[in-house]
Amino acid sequence: MPSSALREAMTPSRRASAAHDMNVLARFLGMRDVPELTRTALDRLLGHGQADVMVLFGGSILAGGDVLAQAMRDDVARTYVIAGGAGHTTQTFRSRVRELAPDVTFADDAPEADVFAAYLEARHGLEPDLLERSSTNCGNNVTCLLDLLRERDVPCSSIIMAQDATMQRRMDATLRRFAPDVTPVSFATYEVSVVVGEGGLAVADPPLGMWDVDRYLELLMGEVPRLTDDAGGYGPNGKGYLAHVDVPAEVGEAFGRLLEARPDAVRRADAAYASVRGPAAT
């Protein structure tokens, strides 16, 4: 999946640097607290082989449904949840699922949780325990999830969170902000590398539903200002939506070089999907 905008905006000598810098951001953002989502790995991390809850968030690409299915088969949690209502990318997600998985059926206005549940049933014959359909953005994915777990009296001392790799670190910081007594286990739904191909930059071995490179760049770059704990960020020194995150110098430098090459690529929040309570729109 080559990138037209990146090809036009960068000279050939800058493409290798851009690929490197995108991968620096990706490694930072795409948290995985365990190398694989197995009971053995969880036992090493938590001291026991099952988390109380695993949640797949609706912002993920479609490959997230396969991650959840494998986790359910491996019995890594006691309760499985898919969280996601309708936000600014939901219609695009519905269209993408219909393109990639035409055997999966769902209503035209289905929230993201229902779309993923339909995929999980059609492709894997599995059904989650709970669906959270109220959230509209990355931040209230967490607060609405916590509300649902409390309403259903579901124990949640530990939660495996599976989100799109670009947003995984922010999900971790959001949970630490709103539920500091809960142990988060981050597991980004994919790990990819950007490489220089004949047509420009491309994602090597893209997982199902992977973003095109331009959109992937926008998602990566949009996270760094949000995670930076200053007056403009989402941390305690800014809007207060997240727990503090340390952004390494290497990440800031990579972001700066990419911003110089593509100043238009920083993704803005969409106020139409902001929360009344808690974090603003993604």
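Before reading further, recall that the structure is shown in the block above.
Values in this document were obtained by computation on a predicted structure and should not be read as measured data.

What counts, and where the lines are drawn
- Counting restarts for each chain, with residues numbered from 1 along the sequence as it is written.
- In keeping with the predicted nature of the model, local features appear solely for residues at pLDDT of at least 70, side-chain atom pairs appear and are counted solely at 80 or more, and the whole-chain, interface and lining totals rest on all residues.
- Only hydrogens and water are removed before side-chain values are computed, so all heavy atoms of the structure are retained for them.
- By definition, a salt bridge exists where a carboxyl oxygen of Asp or Glu is found within 4 Å of a side-chain nitrogen of Lys or Arg.
- Strands here mean DSSP runs of E at least two residues long; helices mean DSSP runs of H or I at least four residues long; both are numbered from the N terminus.
- The rule is simple: take the accessible area with a 1.4 Å probe, protein chains only, and divide by the maximum for that residue type; under 20% is buried, over 50% is exposed, in between is partly exposed.
- Strand pairing is assigned whenever DSSP identifies at least 2 bridges connecting the two strands.
- Think of each axis as a best-fit line through the C-alpha atoms, taken over the contacting stretch in the case of a helix, with angles from 0 to 180 degrees between the N-to-C directions.
- Two residues form a contact once any of their heavy atoms are found within 4.5 Å.
- By nonpolar core we mean a set of buried residues, namely Ala, Val, Leu, Ile, Met, Phe, Trp, Tyr and Cys, connected to one another through side-chain atoms within 4.5 Å.
- In this scheme, a helix's expected span is set at 1.5 Å multiplied by one less than its residue total.
- As used in this structure description, the phrase polar contact means that two N or O atoms lie within 3.5 Å; if the pair is within protein, one of them must be able to donate a hydrogen and the other to accept it, and residues adjacent in sequence are counted only when both atoms belong to side chains.

A. A look at the pattern of salt bridges. The tally for this structure, following the rule as stated, stands at 14 salt bridges. Across the pair D75 and R39 runs a salt bridge whose closest N-O atoms are separated by 3.1 Å. Taken as a pair, D75 in the loop between α4 (63-73) and β2 (77-83) and R39 in helix α3 (residues 39-46) lie far apart in primary sequence, 36 residues in all. Look at D75 and you get partly exposed, because its relative accessible area is 35%. Connected via shared salt-bridge partners are D214, R262 and D264.

B. Expanded view of the sheet that holds strand β3 (residues 130-132). Read from one edge to the other, the open sheet built from five strands follows the order β3-β2-β1-β4-β5, with strand pairing classed as parallel. Each edge of the open sheet is held by one strand with a lone partner, namely β3 and β5 (183-186). Here the strands of the sheet are splayed against their neighbours by 25 degrees on average, with no regard to which way each runs. The pairing of β2 with β3 spans three bridges and is parallel. Counted as the bridge partner of V81 is L130 from β3. Strands in contact with α4 are β1 (51-57) and β2; relative to β1, the strand with the most contacts, it is inclined by about 160 degrees.

C. Broad picture of the nonpolar core. Among the nonpolar cores identified, the biggest contains 38 residues, and M22, L25, Y190, M210, Y216 and M221 are the most heavily contacted of them. Listed by contribution, the elements that provide at least two residues to this core are α2 (12-29), β7 (200-203), α9 (213-227) and α10 (249-261). Leave out the neighbours within four places in its chain, and M221 touches L25, F255, L258, L259, R262, A265 and V266. Of all hydrophobic cores here, the second largest spans 35 residues; its members include A69, F106, F116 and F187.

D. Spatial organisation of unusual backbone geometry. Unlike most non-glycine residues, D153 shows phi in positive territory, near 55 degrees. Tracing the chain through its elements places D153 in the loop between α7 (138-151) and β4 (158-162). Owing to a relative accessible area of 68%, D153 belongs among the exposed residues under this scheme. Positioned with a positive phi, D205 is a non-glycine residue whose angle comes to about 45 degrees. Structurally, D205 can be placed in the loop between β7 and α9. Note on D205: relative accessible area 74%, which makes it exposed.

E. Expanded view of the pairing of β2. Of all seven residues that make up β2, six are buried, and the element is covered over most of its length. Judged from the six bridges that link them, β1 and β2 form a sheet pairing that is parallel. Pairing of M54 across the sheet is with Y80, part of β2.

F. Fine view of α4. Most of α4 sits out of view: eight of its eleven residues are buried. Those residues of α4 that sit buried are A63, G64, G65, V67, L68, A69, A71 and M72. Taken together, the buried residues of α4 touch β1, β2 and α6 (112-124).

G. Representation of α7 in the model. Here α7 spans 21 Å end to end across 14 residues, near enough to the 20 Å set by a 1.5 Å rise per residue. In this fold, the buried residues of α7 make contact with β1, β2, β3, β4 and α8 (168-178). Where α7 begins, the capping side chain belongs to N137, and its oxygen is found 2.9 Å from the backbone nitrogen of N140. Immediately beyond the C-terminal end of α7, within one or two residues, lies D153, with a positive phi of roughly 55 degrees.

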